[in-house]
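Structural description and commentary
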Amino acid sequence: MKTGNFATAGNGRSMIMNCTDGFVKLVTHSETGEILGACMVAPRATDMIGEIAVAMKAEATVEEIADTIHAHPTVSEMIMEAAHDVEGLCCHKLR
């Protein structure tokens, strides 16, 4: 398994809403990149569950999620950023 994380504090929409505590974590298959699950402790997490559910049903890969355009500023961008983190390509991650 490989994982990717993105902190809520690095998300523009969360900053606007003044809700910067939390994170999104993606769990993927290390060989295929398939999305196996996610953990979301973030504002509007219930609105993001659908994207993960569809990705898992479709056997989508982390690369497909990372390459999907996500509107800005939205909390769902955290899913894309976590996907980039799995691949080591997250340039917005807070250190």
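Going by what an unreviewed UniProt entry lists, the chain is known as Dihydrolipoamide dehydrogenase and is assigned to Christensenella hongkongensis. UniProt, in the comment section headed Sequence similarities (unreviewed entry), describes the chain in these words: "Belongs to the class-I pyridine nucleotide-disulfide oxidoreductase family."

**Points about the overall build of the chain**
Scanning the chain from terminus to terminus reveals four helices and three strands. Tracing the chain from N to C terminus, the helices and strands come up as β-α-β-β-α-α-α. Relative to the 2.2 N^0.38 estimate, which gives 12 Å for 95 residues, the radius of gyration of the chain is 12 Å and therefore close to what a compact globule would have. With the C-alpha coordinates aligned to their principal axes, the bounding extent of the chain is approximately 35 × 25 × 20 Å. Put simply, the chain has 95 residues, and 40% of those count as buried. Looking at the chain alone, contacts between residues at least 24 apart form 53% of all its contacts between residues at least 6 apart.

**Looking at the UniProt feature "domain: Pyridine nucleotide-disulphide oxidoreductase dimerisation" (unreviewed entry) in the chain**
Mapped onto this structure's residue numbering, the UniProt feature "domain: Pyridine nucleotide-disulphide oxidoreductase dimerisation" (unreviewed entry) falls at residues 2–83. Across residues 2–83, the secondary structure splits into 38% helix and 23% strand, with the terminal C-alpha atoms separated by 10 Å.

**Let's talk about the confidence of the model for the chain**
Taken residue by residue, the chain gives an average pLDDT of 94. The fraction at 70 or more is 99%. Here helix 1 (residues 12–16) is the element of the chain with the lowest mean pLDDT, 94, and strand 2 (residues 23–28) is the one with the highest, 98.

**Observations regarding the nonpolar core**
In terms of nonpolar packing, the biggest core is built from 21 residues, with Val24, Leu26, Met48 and Met78 touching the most fellow members. Here the element with the most residues in this core is helix 4 (residues 77–86); it accounts for five residues. In this structure, Met48 is in contact with Val24, Met40, Ala42, Pro43, Val75, Ser76, Met78 and Ile79, ignoring residues within four places of it in sequence.

Definitions and limits used
- Residues numbered from 1 in each chain as written.
- Predicted model: local features only at pLDDT ≥ 70, side-chain atom pairs only at ≥ 80, totals over all residues.
- Heavy atoms only, no water.
- UniProt positions renumbered as here; feature names shortened; annotations may be inferred.
- Helix = DSSP H or I, 4+ residues; strand = E, 2+ residues; numbered from the N terminus.
- Rg over C-alpha atoms; globule rule 2.2 N^0.38 Å.
- Buried < 20%, exposed > 50% of the residue type's maximum accessible area, 1.4 Å probe, protein only.
- Contact = heavy atoms within 4.5 Å.
- pLDDT = per-residue confidence, 0-100.
- Core = buried A, V, L, I, M, F, W, Y, C linked by side-chain atoms within 4.5 Å.

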